[in-house]
Each structure stands twice: as C-alpha cells, then as structure tokens.
Amino acid sequence: MSTAASVLERCAALGRVSEEPERLVRRYATPAMREAYELVGGWMRDAGLVVREDAAGNLIGRRDGPGRTLVLGSHLDTVVDAGRYDGPLGVLAAIAVLERMWDRALPYAVEVIAFADEEGVRYGTTFLGSSAVAGRFAPAWLALADDDGVTMADALRAFGGDPDAIASAALRGEDLLGYVEVHIEQGPVLERRGAPVGLVTTITGQTHAEVGFLGEAGHAGTVPMNARRDALAAAAEWIVAVEAVARRRQGTVATVGMIEVDPGARNVIPGAARMTLDVRHTSNAVRREAIADLRAEAQRIAASREVELDWDARGETAAVPTSPDLADRLADAIEAAGHAPERLASGAGHDAVAMAALTEIAMLFVRCERGISHNPAEAVAEADVAVALDVLERFLGDLA
Ligand SMILES: [Zn+2]
C-alpha cells in the first residue's frame, strides 16, 4: 500500500472514533478523544516517535535530534457531524512522512503535535490546545462548563491532564525552528486552479459582531405600510448591503449567518431582528474599512426606517502572515515535486494562528473536493495526499 493510501486508511479509522454512533463528533477530553489517542499514539510509536501528553491534553510524538525543534501538527478534535480530514490529515501526514524518513539523519529534532482542541465545540474555546503550547492559555477557561455542566478542569483531570500545570505545556520559542501544518483547504481555490496543493500566504483576520434592528411590533392587518417600523425589513435591506460592500472590496468575505426575529409570527410586524456578522480579509486595514462601511450602512438604514440600531462588537482577530522564509522553502519543495507553487490565503482559522505567537509558521493546503468541509462529505484524493507527503518530505530534507 502507498503511504498516501495508508494515511487515508488511518483517516477513515479515526473517522469511526466518535462520541455518537451515527455521526462524527470528537470533542476535547472525551472518551472518544482518548480512543483516538490510543490509535494515533500507536502510529506515532510505529514511526519511531517518543510519545507523551502535555498538561493541557495534547498528544505529542518526538523524534530527537541536535539543535532546535521543528513542530508539525494539526488537531484531532472535530466539529459536530464532521468530515474525517479536517485536522487528522495534518497529524497523520506528519507521522507518515517521519516514518518514511526514519533512517534519514536530520540535523534538528521534530515534534508532531496532535492538538486536543482547535474547533472549541465543547467549551467555545477556539485553538485551546495550541494556545496552551504557545503559552497563551487563559486560566479562566478552566472554569468553563460544557452543556452537561462539566467544567474544563474536571474534564481535563478525568482525561489525564493536569489543570494546575497548564503552563508546563508551553514550548519556548527560542527552542523552535518553526511550525508547519498540513491541512485540507476547506475552500474551492485549489480545485479551480487545478492544483493538488498550495501554500498559505496569510491566515485572514476576522471581525465578529451581533447586529440588531429594533422597531415596533404591530398588527399585520391594521398598521398601514407607511406607519410601520419593521425591524426585519431593515435587516433585509442591510443584509443585501453587506453582500454589496464585501463585493466592492476585493478579497473581502462578509456573512450574516444567523437571524432571530421577534416576536416571529405570520400576522405580526417584526419588532426586532438580531443577526450575526462575520467579516474576513487578509488585510486588517481593509477589513476595518469594510466594518466601518457596514456600520455606516446600518446607521443610514436605521435612520431612514426610524428603527434603532444595536451594534455589539464581539471581537476581532488580526490577520496572521506566514513566514516568507518557510513559505519559499515550501514553494521549492512543491516545485521539486513537479507542481506549480500555488499561493493562497486561508479564510479559515487554524492552530497555526496560535502557534504564530511562538514561532514562524507555514501551512500546506491540500485540495479538497468542491471545497467542502465541516461536513461528512469532506473528501481528498489519494493522489493529492501523495503530493502533500512528497512535498513535506522534500521540505524536511531541504531544511537539513
Ligand atoms: Zn482544522
């Protein structure tokens, strides 16, 4: 069996390790995650890696070497009703390449980190595992409770981690050569370009907000059209403006993904409409300009319709550039493997965002079918995985 086929077989085996029988869901510090660690830890040992778990519950396989350490990794947790490649592919690709290179001397050490929680499904804490490794774990997270009332501290203790020693999970930036993550693209760009793999230039920044229009509820039959303060009609006008503003600014993506209407009845004029807003761009300046435009549009619409605007900023993350040096080395490896080094931005967040606080980062994207992810239909081609493995192997060899 080819290495790529074996990686896909392992992805399939991991895809069967779930908290639920009918769909894949594997959250932080659950028995399903423990079962996944048994499998992945075994594969790490087969590849000659020395296996340990840190206090935050991350699974780590180390290959010793002189000098500094290169970190390879991705996450083993999933969203609810997940596909089998988002996360595990990066972990299993790293293990497979190191297994293939076991008899080759490298002048540096390598650690494969399988992060315990990236999606944040159980506690709402995105990049939890990599934040601990990067020394950015917020102690207050330990008090968060999941839907069953189990605190993170208790879950971690039951899992075998140590909530009192989270700080010990942090690596030191000066000990590291960098962090390289293989991940499915989760978008259609590589497929459109006809490329099996691509290297990430920037992980886009994000702004989140909750936006509400507050009008006045009334009888759908008796209030004339010119006397209405319809919150949902205001929201509808604004949602169309969101799309238009994003289309005007090259590279901007803006999404209203949820809307709640109050009171929500056939025969009642909507008194309130509340929405989520998600805006992303590789340039922090362009993203902030887009947000300012969207807010101005919302104010204009609210004023003209005599409804109130409630704009609740829910935070932003800055765009994270990848290392030009590591990206060039990845580009060389892609060319050496016989492919054009396609460069693209990542619209999704990744563990690399947290790791960027610690060390230089690079990401290799693998084309996925129709760009679908966070969905059981997630699919990658064996030939593309073979290219990714080849590229990673060349990259590791050249880094020597
Ligand atoms: Zn992922």
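Residues numbered from 1 in each chain as written. Predicted model: local features only at pLDDT ≥ 70, side-chain atom pairs only at ≥ 80, totals over all residues. Heavy atoms only, no water.

S.K.: What should I look at first to understand the coordination of the zinc ion in this one?
M.R.: In a perfect tetrahedron of four donors around a metal, the angles come out at 109.5 degrees. In a perfect octahedron of six, they are 90 or 180 degrees. Coordination of the zinc ion by the protein comes from H75 (NE2), D86 (OD) and H183 (NE2), over a distance range of 2.0 to 2.1 Å. Donor residues binding the zinc ion come from one chain and are separated in sequence as H-x10-D-x96-H. Of the two residues, H75 sits in strand β3 (residues 69-75) while H183 sits in strand β5 (residues 176-184), which places them 108 residues apart along the sequence. (Donors = N, O, S within 2.8 Å, 3.2 Å for Na, K, Ca; no water. Helix = DSSP H or I, 4+ residues; strand = E, 2+ residues; numbered from the N terminus.)

S.K.: Mind showing me how you'd approach the packing of helix α9 (residues 324-336) against helix α11 (residues 382-399) here?
M.R.: Between two packed helices, both the angle of their axes relative to each other and the distance between the axes serve to describe the pair. It is the contact of α9 with α11, at a shortest axis distance of 8 Å, that shows an interaxial angle of 125°. Taken together, the axes of α9 and α11 lie oblique to each other. Taken as a pair, α9 and α11 cross one another with a handedness that is right-handed. Contact with α9, carried on its side by L326, R329, L330, A333, I334 and A336, involves V391, R394, F395, D398 and L399 of α11 and no other residues of that element. Grouping the amino acids of the contact of α9 with α11 by side-chain chemistry returns eight nonpolar, no polar and three charged. (Axes fitted to C-alpha atoms, helices over the stretch in contact; angles between N-to-C directions. Parallel < 35°, antiparallel > 145°, perpendicular 65-115°, else oblique. Left-handed = near helix turned anticlockwise from the far one by under 90°. Contact = heavy atoms within 4.5 Å. Nonpolar A, V, L, I, M, F, W, Y, C, P; charged D, E, K, R; others polar.)

S.K.: Honestly, the pairing of strand β6 (residues 197-203) in this entry has me stumped. Any pointers?
M.R.: Counting buried residues in β6 gives six out of seven residues, a clear majority hidden from the surface. Direction of pairing for β6 relative to strand β16 (residues 361-366): antiparallel, over a ladder of three bridges. The residue bridging G198 from the neighbouring strand is F365, located in β16. Looking at chain direction, β6 and strand β15 (residues 343-346) are connected through three bridges and run parallel. Along β15, the bridge assignment pairs V200 with L344. In this sheet, strand β14 (residues 320-321) lies alongside β6 in antiparallel orientation, the contact comprising two bridges. Across the sheet, residue T202 finds its bridge partner in β14, namely P321. (Buried < 20%, exposed > 50% of the residue type's maximum accessible area, 1.4 Å probe, protein only. Pairing = 2+ DSSP bridges.)

S.K.: Please clarify how the state of the cysteines should be interpreted in this entry.
M.R.: In protein structure, a disulfide is the covalent linkage between the sulfur atoms of two cysteines. By the definition in use, this model includes zero disulfides. In this structure C11 is not part of a disulfide, and its nearest cysteine sulfur, from C368, lies 13 Å away. (Disulfide = S-S within 2.5 Å.)

S.K.: Looking at this model, I keep getting lost on the nonpolar core. Mind explaining?
M.R.: Across soluble globular proteins, you tend to see nonpolar side chains buried next to one another. Core analysis: the biggest nonpolar cluster contains 79 residues, and V40, I95, V391, F395 and L396 have the highest contact counts within it. Filtering out sequence-adjacent residues up to four positions away, V40 remains in contact with L14, L59, L76, V91, L92 and I95. Judged by nonpolar contacts, the second largest core, of 21 residues, contains A209, M275, V279 and V307. (Core = buried A, V, L, I, M, F, W, Y, C linked by side-chain atoms within 4.5 Å.)

S.K.: When you look at the environment of P66 in this model, what are you seeing that I'm missing?
M.R.: Residue position: P66 is located in the loop between β2 (59-63) and β3. Its relative accessible area of 52% is what places P66 among the exposed residues. For the pair P66 and A265, spaced 199 residues apart in sequence, the C-alpha separation works out to 68 Å. Excluding anything up to four places from it in sequence, P66 contacts L106, P107, Y108 and A109.

S.K.: I tried to follow the packing of helix α1 (residues 3-15) against α11 on my own but got confused; where do I start?
M.R.: Closest axis-to-axis distance for the α1/α11 pair is 8 Å, and the angle between their directions is 110°. Regarding the angle of α1 to α11, the classification is roughly perpendicular. Between α1 and α11 the crossing geometry is right-handed. Two secondary-structure elements touch here, α1 through T3, A4, A5, V7 and L8 and α11 through E382, V385, A386 and L389.

S.K.: What's the story with helix α3 (residues 88-100) in this structure? I'm lost.
M.R.: Owing to its 3.6 residues per turn, the α-helix brings residues three or four apart onto one side. For α3, with 13 residues, the first-to-last C-alpha span of 18 Å sits near the 18 Å given by 1.5 Å per residue. Most of α3 sits out of view: eleven of its 13 residues are buried. The complete set of buried residues in α3 reads P88, L89, G90, V91, L92, A93, A94, I95, A96, V97 and L98. (Expected span 1.5 Å × (residues − 1).)

S.K.: Explain α9 to me, please; I cannot follow it from the model alone.
M.R.: Helix length check: α9 (13 residues) gives 18 Å between terminal C-alpha atoms against 18 Å at 1.5 Å per residue, within 8%. Restricting attention to buried positions, one finds in α9 the residues L326, A327, L330, A331, A333 and I334. End-on, the buried residues of α9 take up no more than an arc of 160°, which puts them together on one face. Where α9 is buried, its residues contact β5, β6, β15, β16 and α11. Once α9 ends, the next one or two residues include G338, with phi positive near 95°. (Arc of directions from axis to C-beta.)

S.K.: Explanation requested: unusual backbone geometry in the structure shown.
M.R.: The phi torsion of most residues other than glycine is negative, and most of the peptide bonds are trans. Cis geometry is found at the peptide bond from D262 to P263, where omega equals 0°. Relative to the helices and strands, P263 resides in the loop between β10 (259-262) and β11 (268-269). The backbone phi angle of A29 is positive, close to 55°, even though this residue is not glycine. Secondary-structure assignment places A29 in the loop between α1 and α2 (31-46). Residue A29 is classed as buried on the basis of its relative accessible area of 9%. In this model, E306 sits at a positive phi of 55°, which is unusual for a non-glycine residue. Relative to the elements of secondary structure, E306 occurs in the loop between α8 (284-305) and β13 (308-317).

Read these as geometric descriptors, not functional statements.
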